[in-house]
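Residues per chain are reported as follows:
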Amino acid sequence: MAATPSSEVRSGLKLISPPVFYAILMLAAPLATVLIYSVMTGEKGAVSLPLTLDNYYELFTKPIYRALMWRSLMVSFFVTLATVLLAYPVAYFVSFHVNPSRKSLWLFLITIPFWTSYIIRVSLWRTILGYDGILDSVVMGLGLSDTQPNILSNGVLSIIITLAHAYAPFAVLPIFVSLEKVDRSLLEAGQDLGESRWMTFLRVTLPLSLPGVIAAVLIVFIPTVGDYVTPELIGGGRTPMIANLMETQMLKQRDQAMGSAIAVAAMTIVALISIAFVLWNRRFLGGRK
Amino acid sequence: MTSADQPTMIEFKDVHKYYGDYHALRGINGTIKAGEFFSLLGPSGCGKTTLLRTIAGFEDISSGVIMIDGKDMARVAANTRPTNMVFQSYAIFPHMSVAENVGFGLRKDPRSKDEKAAAVAEALEMVGLKGYGKRAAHALSGGQRQRVALARALILKPKVLLLDEPLSALDKKMREHMQVELIKLQRQVGITFILVTHDQEEALVMSDRIAVMFEGEIAQLADPETLYRRPNSKKVADFIGTMNFIPATVLSEAGDKVEVDAKGLGHVTIDAAMAPPAKGESPVVGLRPETLTLLYDDQKAAERETEGVIDEVIYFGDMTYYDVYLGGTDVEVRLSMRNVPGRPVLDVGTKVRVAWSPSALVLFR
């Protein structure tokens, strides 16, 4: 009745072969290419042997790389912080205060910003934040300030605002899911045992929703570190981040080896930070029923 | 067990609760005494859980008064009431250890950390979970979770412990075991226990007094024996245990005696104490299966006997249930006989004599 182990293995391999093929072609091969390029010698538009660590040496010694990497991480940090802090109350409201039959409608409405192309959303933020833009008009009109804030002139701040807006729904959804899983009788138990609503939130709801918060942090942090479009469009390239430097190396300088080295370094740093973050929070991610 | 002169712990005065148009509690009145094991018994949707939740403070009442230990609870929030609850789902905090769960309510307790830890250990020992403190709460079995929930509530020494169908999730053996443990625990700590259950057997086993609820009202509030022997309505009689209902006609009523003619049983005199106030229904007399006995060979009935024919035999091992047509009528009664050596289980169709006692009859009308 049972197939022999070897034939089971064969049929198993057959079953997983499409995704394996996909994974090798689309994920492993490009990654390997970038890794190999990063230790080769770059020439105009080509790479050549011998293998060398010169690219990495340059990366660690020239201050421009460190400065831009640092800026990218800081921007991502603040974008993540802002996104999660703003998304949590939204997710909490939908999970706890919206009629169950309307929850999907609310989630649907939250994704509305996605219906517009990101390029258009960035342009709109330029209009809102720029000199004599909507924000400036409001501030001047209300007499809140004598000078126009012109936030757009502050590259980092306008990048953070734009990115935080773009990633907000990504943060709302995982937090919402983890809040939905919190057994409501636990909240009654918290109050029954003498705690106020606020203390029950701090001692019960918040820790139980942390898996969603951790997911949201990773979902927002990882892609924003490598964001390339926003600095280009919002600051006209005056406030570059690490991805803009990669673009310059790859396409303008045509030094693919150097570009690859930056990519590998950035990827490694993001991976290390993410792993450290997950390990630091692992007690909240443990198995539970 | 409690005596009648015990002080009142909880008092309901005309308590009503509406959910929109739905009238969930329809004028609840009654008192629960200090140190009593009290049960709210009824089918699902009768309002028993709602009533329990109004005591805990999770539900506001629409009108009326709930007093706990002489204080009106109208403006008292759940977290400051002298009650603690064991939830149906146990509501064990999954991100905490057993000890953290049990000590959850001790945050504001002025005692030192060591004293609190000792109190937690003591509470765990009381519920039979000594040494379980460090375990993860989500790794416990159903019975253990329930014990944690009990310890977590009792450690705060509430005046009233509320139990919302705490045994319904356990298997039969475990349930029977926990029933006895809960009774012992209640006697040990002397706290008023209020149990919500739909299981009439559980209520009879565990309670000092029981409030039977139907459709948002208390139908009868009495001790288990009164409830079982002298239910005040056909509905209560039907809900508690098994009862045979036999159509009857009331012949006369004089003083504390009621004369009836019950179909298949004949002319019977019923004590007024066994005839609760009339409700305008067509009269029936009620008889519990164990008050009817089959007579073997030349056994004589102590009081009355009636002939019958066995229609159905249900064998339970220790007991046999017989459904018997009485005296050539279409009135069928169920009776239960203990199976003892030398007394054979009878076959369907056997002609039998059934002994019964008029004092066991209850008249509903």
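Predicted, not measured: the structure shown is a model, and the values here were computed from it.

## Overview of the domain arrangement of chain B
Then step 1. The assigned domain composition of chain B is domain 1 (3-229) and domain 2 (242-365).
Then step 2. Here the C-alpha centre of domain 2 of chain B lies 39 Å away from the C-alpha centre of domain 1 of chain B.

## Some words on the pattern of salt bridges
Residue and element names in this part refer to chain B.
Then step 1. Enumeration over the complete set of coordinates arrives at 21 salt bridges over all chains.
Then step 2. Measuring nitrogen to oxygen at the nearest pair gives 2.9 Å for the salt bridge that ties Glu-253 to Arg-365. Of this pair, Glu-253 sits in strand β11 (residues 244-254) while Arg-365 is found in the segment after β20 (362-364), placing the two residues 112 residues apart along the sequence.
Then step 3. Judged by relative accessible area, Arg-365 falls into the buried class, the value being 15%.

## What to know about the sheet that holds strand β16 (residues 304-315) of chain B
Residue and element names in this part refer to chain B.
Then step 1. The strand order across the open sheet formed by five strands is β15-β19-β16-β17-β18, and the pairing between neighbours is antiparallel. Sheet topology places β15 (293-295) and β18 (332-338) at the edges, where each strand pairs with a single neighbour. Neighbour-to-neighbour, the strand axes of the sheet open up by a mean angle of 50 degrees, direction not taken into account.
Then step 2. Strand direction decides the pairing type here: β15 and strand β19 (residues 351-356), joined by three bridges, are antiparallel. For Leu-295, the partnering residue across the bridge sits in β19 and is Arg-353.

## Thoughts on helix α5 (residues 118-129) of chain A
Then step 1. Helix length check: α5 of chain A (twelve residues) gives 16 Å between terminal C-alpha atoms against 16 Å at 1.5 Å per residue, within 8%.
Then step 2. Where the residues of α5 of chain A are buried, they touch α6 (134-141), α7 (155-180) and α10 (229-234) of chain A.

## Quick notes on the layout of surface pockets
Then step 1. One number sums up the size of the largest pocket: a volume of about 670 Å³.
Then step 2. Taken together, 26 residues line the largest pocket, and the ones lying closest to its centre are Leu-187, Glu-188, Gln-191 and Arg-197 of chain A together with Phe-58 of chain B.
Then step 3. A breakdown of the residues in the lining of the largest pocket according to their chemical character gives ten nonpolar, eight polar and eight charged.

## Quick notes on the pairing of strand β2 (residues 22-33) of chain B
Residues and elements named next belong to chain B.
Then step 1. Note that strand β1 (residues 8-19) and β2 share nine bridges and pair antiparallel. Within β2, the residue paired with Lys-17 across the bridge is Leu-25.
Then step 2. Hairpin connection from β1 to β2: two residues lie between these consecutive antiparallel strands, with Gly-20 at a positive phi of about 60 degrees.

## Considering the sheet that holds strand β3 (residues 37-41) of chain B
All names here are of chain B.
Then step 1. Across the sheet, which stays open at both edges, the six strands sit in the order β6-β7-β8-β3-β9-β10 with mixed pairing between neighbours. The strands lining the two open edges of the sheet, one partner per strand, are β6 (83-86) and β10 (217-222). Strand-to-strand, the axes of this sheet are offset by a mean angle of 20 degrees, without reference to chain direction.
Then step 2. Relative to β10, strand β9 (residues 209-214) runs antiparallel, the two being bridged by five bridges. Residue pairing across strands places Val-212 opposite Gln-220, the latter belonging to β10.

## Regarding the interface of chain A and chain B
Then step 1. With 20 residues of chain A in contact, the opposing surface of chain B contributes 23 residues.
Then step 2. Carbon and sulfur atoms make up 56% of the surface buried where chain A meets chain B, a total of about 2,100 Å² over both sides.
Then step 3. By the criterion of area lost to chain B, the three top residues of chain A are Asp-192, Leu-193 and Arg-203 of chain A, representing 34% of everything that side buries.
Then step 4. Inspection of the chain A/chain B interface yields two salt bridges.
Then step 5. The interface formed by chain A and chain B holds nine residue pairs in polar contact (both at pLDDT 80 or more) in total.
Then step 6. Going through the elements one at a time, α8 (184-192) and α9 (197-225) of chain A are the ones with two or more residues in the side of chain A that touches chain B.
Then step 7. With seven residues, α8 of chain A is the largest single contributor of residues to the side of chain A that touches chain B.
Then step 8. Among the residues forming the side of chain A that touches chain B, the class breakdown is seven nonpolar, six polar and seven charged.

## Some points on the environment of Leu-326 of chain B
All names here are of chain B.
Then step 1. As for its placement among the helices and strands, Leu-326 is situated in strand β17 (residues 319-326).
Then step 2. Overall, Leu-326 belongs to the buried group, its relative accessible area being 1%.
Then step 3. On a C-alpha basis, the gap between Leu-326 and Tyr-18 in space is 47 Å, while along the polypeptide they are 308 residues apart.

## Points about unusual backbone geometry
Residues and elements named next belong to chain B.
Then step 1. Notably, Tyr-90 is not glycine yet its phi reads approximately 75 degrees, a positive angle.
Then step 2. Tracing the sequence through the fold places Tyr-90 in the loop between β6 and α2 (98-102).
Then step 3. According to the relative accessible area criterion, Tyr-90 is buried, its value standing at 4%.
Then step 4. With a phi angle near 45 degrees, Lys-157 is a residue other than glycine that sits in the positive phi range.
Then step 5. Examined against the element boundaries, Lys-157 turns out to sit in the loop between α4 (142-154) and β7 (160-164).

## Things to note about the side chain of Ser-207 of chain B
Residue and element names in this part refer to chain B.
Then step 1. Inspection of the secondary structure puts Ser-207 in the loop between α6 (200-206) and β9.
Then step 2. Classification of Ser-207 by relative accessible area gives buried; the value is 4%.
Then step 3. Here the side chain of Ser-207 touches Ser-39 through a polar contact of 2.5 Å, side chain to side chain.
Then step 4. A distance of 2.6 Å separates a polar atom in the side chain of Ser-207 from the backbone oxygen of Ala-203.
Then step 5. If we skip the residues at most four places from it in the chain, Ser-207 touches Phe-37, Ser-39 and Pro-224.

## Considerations on the nonpolar core
Then step 1. Of all hydrophobic cores here, the largest spans 74 residues; its most connected members are Ile-175 of chain A together with Ile-10, Phe-12, Leu-40 and Ile-194 of chain B.
Then step 2. Sort the elements by how many residues they give to this core and α7 of chain A lands first, with ten residues.
Then step 3. Excluding its chain neighbours within four sequence positions, the residues that come into contact with Leu-40 of chain B are Lys-48, Leu-51, Leu-52, Ile-194, Leu-195, Val-196, Thr-197, Ala-211 and Met-213 of chain B.

Calculation criteria
- Residues numbered from 1 in each chain as written.
- Chains lettered and ligands numbered in written order.
- Predicted model: local features only at pLDDT ≥ 70, side-chain atom pairs only at ≥ 80, totals over all residues.
- Heavy atoms only, no water.
- Domains from an automatic or database assignment.
- Salt bridge = Lys/Arg side-chain N within 4 Å of Asp/Glu carboxyl O.
- Helix = DSSP H or I, 4+ residues; strand = E, 2+ residues; numbered from the N terminus.
- Buried < 20%, exposed > 50% of the residue type's maximum accessible area, 1.4 Å probe, protein only.
- Pairing = 2+ DSSP bridges.
- Axes fitted to C-alpha atoms, helices over the stretch in contact; angles between N-to-C directions.
- Expected span 1.5 Å × (residues − 1).
- Contact = heavy atoms within 4.5 Å.
- 1 Å grid on protein atoms, 1.4 Å probe; cavity = no way out; pocket = protein on both sides within 12 Å on 5 of 7 lines; lining within 4 Å.
- Points joined across faces, edges and corners; volume = space filled by probe spheres on them.
- Nonpolar A, V, L, I, M, F, W, Y, C, P; charged D, E, K, R; others polar.
- Buried area = accessible area lost by both parts, 1.4 Å probe.
- Polar contact = N/O pair within 3.5 Å; in protein donor to acceptor, adjacent residues only side chain to side chain.
- Core = buried A, V, L, I, M, F, W, Y, C linked by side-chain atoms within 4.5 Å.

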